[in-house]
Amino acid sequence: MAAALALRVVAGLAAAALVAMLLEHYGLAGPPSPRPQPRRPWSPHPAPGPRDNNIFWGLQISDIHLSRFHDRGRAVDLEKFCSETIDIIQPALVLATGDLTDAKTKDKLGSRQHEVEWQTYQGILKKTRVMEKTKWLDIKGNHDAFNIPSLESVENYYRKYSAVRKDGSFHYVHSTPFGNYSFICVDATLSPGPKRPYNFFGILNEKQMEELSLLAKESSWSNHTIWFGHFTTSTILSSSPGIRSIMSSATAYLCGHLHTLGGLMPVLHTRHFQGTLELEVGDWKDNRRYRIFAFDHDLFSFADLTFGKWPVVLITNPKSLLYSYAKHEPLERLLHSTHIRVLAFSSSSITSVAVKIDGVHLGEAVHLSGPIFILKWNPRNYSNGTHNIEVIVQDSAGRRKTVHHVFSVEEDLHLTFDPLASFILLTDHYIMARVLFVLIVLIQLTILIIFRYRGHPKLKGPPGFVNLTSFSLHVLSKTNIFYYSVLLLTLYTVLGPWFVGEITLGKLGCCFSFGIFVDGHFLQGSLTFVVGILQAHDSQICVSGLDLFSALQVPTYPTVISHLP
C-alpha cells in the first residue's frame, strides 16, 4: 500500500510539473520571456497625429488553389479581388503566400501540375493589370511543388507563370520617405517535390538557413522587417538554430497553409518566445479570406477579412494590446499621439466613422485623406489599465461594420493568445510525431517481450478488463507465429522500406519511416512518422491477442493456459 501511494504521489507531481511547463510554454502563465536582446533605440516622435504621412498598408492572400476541376468561382473571385478590391484599397504591396494552384487530379487523390491552372493564374494577373497597380509578391506553397522532379523541370510552372518567377527565398525592400521596410520570403518547399501526401511539411537545409540568416542581417537597418512564407513555422523542418531564431528580429511572420484547420481554428495567431508574431491567414480556396496590414508611424496593425464584405476597417492607433510588443515597436508613440486613426475602405463612399472608448461615445472621426479618418483624443485619460475601443463605420449603401479591440498605453501590460492556437503554431509537429513514433514502437516491443518471458497468469473467478487484456497479451506473446509476426512487422515498420515507387514525376524512390530517398536526395521524415504511428500503434497487440483468444473457443482459462508453451 505504501509503495502504491508513493507511486501515485510521484506520478501526480510529475503530471503537475508537466502541466505547469505547458502553461508557461504556451503563454497561459503570463507574457513571453524572450532571450535578452538589445532593444531598438525608438524615439517617441513622430507620433500619430493629424497628418497623412508615416503610414502605408498592404494585403495578404493565401491558399488560392486555382483548379481546373473544382470551384471555378475561385478564379472568378480572384479576378474581382485583383481589380475591384485592389482598386479600392490601393495597397503598397500584396503578399500571395503560396498554393497558388491546386495541382490535384480530378478525384482529389492524386497530384500533378496542370499548366492550365498556372495559365489561368497568370491570365488573371495580366487581365487585371494588378502588377501595374501594386507590388505583387507571390511565392510557392506545397501544392505548387507537387510532383516536380527538380527546379529545372518544365513542370516547375512557377518559374514561367508567377509574378516573381524566381525559386528560393528573397528580400524585398519597400522604400518610403519615412524609412525602409523589409519583406523576407521563406521558401521551404521541397526539391524534388514528392507527390501527395509526403510534402505537407517544408524543409530548410543548412545552406538555406545560412541564406536566410544573411537576409536577416541585410534587413537590420530597416524600420521593420516582415517575414512571409507558406508554411507555419510548426510545419517547417529547419537545421539549427531553427527558423524561429533566425527571424527573431522580425515584427511578424505572415503565413497560410493550415486553412484554419477546416474552420475549427478561425484565428491562428500567436507570438514566438523571441517576440515575433506568427499570423496564419485563412484560405481563399473555401473561405475567400484575406488580410490587410499597416504600419502607422511604425506601429504594426492588421485585420483578417472576408472578400466582398464592405466596409473594410482597420484601427491603426491605438493599436491592439494583444499584438503589441515594445521590443519591436515604438509603443511610447501611442502615449504621445494626438489623434485616433482609422483606415476605412468601401466600394461606396464612407458616410460616418463613430468612435467609442469603454462604451462612451467620443465623437465622429473626420476624413483626412484617402481612407484615413482621425479623431482628436488625449491618451493620458486612459493611462491606467486596459480599455476597449470600438469603431462603427457606415457607407452610403447603408452597410455597417463594427470593429473593436483592447488597448493600453502602458508598455508593461500583456494579453495572452489562445493556448490551442499557440500549441498548433509553436509546436514542432514533426519532432512530436517522431518522438511519439519511437515511444509507441518501444512500448510495443517492451510489452511483447515482457509477456513472452513472464510466467502464466493466475486467474481466480471471472476476469475483468485488465485481466482479460493481460491474458490476451500472454496468449499472443507465447504463440510463436503471432509473436514473431508482430515482432518482425514492428521492426520492419521502423527500418523499412515501406515501398519503392515513383515518388515524383519519372523518378523512383524509397520511402522509410525516417524519410524518403529519391533521385539522389534525402527528404527528412515528417509526415512519414505520422503514417508510421498508424502502422505501429500498440493496440494491434491487444487486438491480435483478443482475436486469438476468441478463436481458441475454449470453456475455461486454466485449460488454455495449460496448453501454452
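Because the structure is a prediction, the values reported are computed rather than measured.

In the structure shown here, the tally under the stated rule is 17 salt bridges. The shortest N-O distance in the salt bridge between Lys133 and Asp87 comes to 3.0 Å. Of this pair, Lys133 sits in helix α4 (residues 130–133) while Asp87 sits in helix α2 (residues 73–89), and the two are 46 residues apart along the sequence. By relative accessible area, Lys133 is classed as partly exposed at 36%. Among the salt bridges present, the one from Asp395 reaches Arg399, with a minimum N-O distance of 2.9 Å.

Our next topic: the packing of aromatic side chains. Per the counting criterion, the structure on display carries 27 aromatic pairs. In this structure an aromatic cluster arises from ring pairing among Phe56, Phe178, Tyr181, Phe295, Phe300, Phe302, Tyr323 and Phe417. Across from the ring centre of Tyr483, 4.3 Å away, lies the NZ or CZ of Arg452, which sits over that ring.

Turning our attention to the nonpolar core. Leu78, Phe81, Trp136 and Ile292 are the most contacted members of the largest nonpolar core, which has 38 residues in total. Here the element with the most residues in this core is α2; it accounts for six residues. Those residues within four positions of Ile292 in sequence are excluded, and the remaining contacts are Trp57, Gly58, Leu59, Ile89, Ser301, Phe302, Ala303, Leu305, Val312, Leu314 and Phe345. Within the second largest apolar cluster, 23 residues are counted, among which are Leu137, Cys185, Ala252 and Phe302.

Attention now moves to the pairing of strand β19 (residues 372–376). On a regular strand, one side chain projects to one face of the sheet and the next to the other, so that they alternate. Of all the five residues making up β19, four are buried; the element is thus mostly covered by neighbouring parts of the structure. The pairing of strand β15 (residues 339–345) with β19 spans five bridges and is classified as antiparallel. The residue bridging His339 from the neighbouring strand is Lys376, located in β19. Sheet topology note: the strand β18 (residues 366–369)/β19 ladder contains three bridges and is antiparallel. Of the residues in β19, the one forming a bridge with Ser369 is Ile372. Hairpin connection from β18 to β19: two residues lie between these consecutive antiparallel strands, with Gly370 at a positive phi of about 55 degrees.

The subject of this paragraph is the confidence of the model for the protein chain. Chain-level statistics for the protein chain give a pLDDT mean of 87 and a share of 86% at 70 or above. Below pLDDT 50 for its whole length, residues 1–11 participates in zero contacts with residues either more than four positions away or in separate chains.

This next bit is on the sheet that holds strand β4 (residues 170–176). Spatial ordering of the open sheet is given by β4-β5-β7-β9-β11-β10, a layout of six strands whose pairing is mixed. The strands lining the two open edges of the sheet, one partner per strand, are β4 and β10 (268–271). With direction set aside, neighbouring strand axes in the sheet form an average angle of 20 degrees. Sitting on the sheet, helix α6 (residues 206–218) is in contact with β4, β5 (179–186) and β7 (224–229), with an inclination near 170 degrees to β5.

This part covers the sheet that holds strand β23 (residues 507–512). A sheet is described by the order of its strands in space; here four strands give the open sequence β22-β23-β24-β25, paired in antiparallel fashion. The open sheet terminates on both sides in strands that have one partner only, identified here as β22 (499–504) and β25 (521–524). Each neighbouring strand pair of the sheet contributes to a mean axis angle of 30 degrees, computed without reference to strand direction. One ladder, built from five bridges, connects β22 with β23; its direction is antiparallel. Along β23, the bridge assignment pairs Gly501 with Gly509.

Let us look at unusual backbone geometry. Here the residue pair Ser191 and Pro192 is connected by a cis peptide bond, since its omega of 0 degrees sits within 30 degrees of zero. Here Pro192 shows up in the loop between β5 and β6 (202–204). Each neighbour pair has its own omega, and for Trp310 with Pro311 the value is -5 degrees, a cis peptide bond. Relative to the elements of secondary structure, Pro311 occurs in the loop between β13 (299–306) and β14 (312–317).

Take the side chain of Arg291 next. Its location among the elements puts Arg291 in strand β12 (residues 289–296). Among the polar contacts listed, one links the side chain of Arg291 to the backbone oxygen of Leu279, at a separation of 3.0 Å. Within the structure, Arg291 has its side chain in polar contact with the side chain of Asp304 (distance 2.6 Å). Those residues within four positions of Arg291 in sequence are excluded, and the remaining contacts are Gly58, Leu59, Gln60, Leu254, His269, Leu279, Glu280, Val281, Phe302, Ala303 and Asp304.

Attention now moves to the side chain of Ser324. Relative to the helices and strands, Ser324 is located in the loop between β14 and α9 (332–336). Polar contacts involving the side chain of Ser324 include one to the main-chain carbonyl oxygen of Ser320, which spans 2.6 Å.

Another point: the packing of α2 against helix α3 (residues 115–128). Helices that pack against each other are described as a pair by the angle of their axes relative to one another and the distance between those axes. Direction vectors running N to C along α2 and α3 enclose 30 degrees, while the axes themselves pass 9 Å from each other. Between α2 and α3, the interaxial angle falls into the category roughly parallel. Note that α2 runs across α3; the crossing there is right-handed. Contact residues: α2 offers Ala75, Leu78, Glu79, Cys82 and Ser83, while α3 offers Thr120, Tyr121, Ile124, Lys127 and Thr128. Looking at the contact of α2 with α3, its residues break down into five nonpolar, three polar and two charged.

As a further point, take the packing of helix α11 (residues 429–453) against helix α14 (residues 527–536). Taken N-terminus to C-terminus, the directions of α11 and α14 make an angle of 20 degrees; their axes are 9 Å apart at the nearest point. Of the possible angle classes, the one that applies to α11 and α14 is roughly parallel. Between α11 and α14 the crossing geometry is left-handed. From α11, Ala433, Arg434, Leu436, Phe437, Ile440, Val441 and Gln444 reach across to α14, where they touch Phe529, Val530, Gly532, Ile533 and Ala536. The residue makeup of the contact of α11 with α14, split by class, is nine nonpolar, two polar and one charged.

A separate point is a nonpolar patch on the surface. Judged by side-chain polarity, Ile431, Val435, Leu439 and Ile443 come together as a nonpolar surface patch covering roughly 320 Å² of accessible area. Take Ile443: it is sitting in helix α11.

Calculation rules
Residues numbered from 1 in each chain as written. Predicted model: local features only at pLDDT ≥ 70, side-chain atom pairs only at ≥ 80, totals over all residues. Heavy atoms only, no water. Salt bridge = Lys/Arg side-chain N within 4 Å of Asp/Glu carboxyl O. Helix = DSSP H or I, 4+ residues; strand = E, 2+ residues; numbered from the N terminus. Buried < 20%, exposed > 50% of the residue type's maximum accessible area, 1.4 Å probe, protein only. Phe/Tyr/Trp six-rings, centres within 6.5 Å; stacked < 30°, edge-to-face > 60°. Lys NZ or Arg CZ within 6 Å of the ring centre and 35° of its normal. Core = buried A, V, L, I, M, F, W, Y, C linked by side-chain atoms within 4.5 Å. Contact = heavy atoms within 4.5 Å. Pairing = 2+ DSSP bridges. pLDDT = per-residue confidence, 0-100. Axes fitted to C-alpha atoms, helices over the stretch in contact; angles between N-to-C directions. Polar contact = N/O pair within 3.5 Å; in protein donor to acceptor, adjacent residues only side chain to side chain. Parallel < 35°, antiparallel > 145°, perpendicular 65-115°, else oblique. Left-handed = near helix turned anticlockwise from the far one by under 90°. Nonpolar A, V, L, I, M, F, W, Y, C, P; charged D, E, K, R; others polar. Patch = residues over 30% accessible without salt bridge, like charges linked within 9 Å, V, L, I, M, F, W, Y side chains within 5 Å. Areas by Shrake-Rupley, 256 points an atom, 1.4 Å probe, with all protein chains shown as cover.

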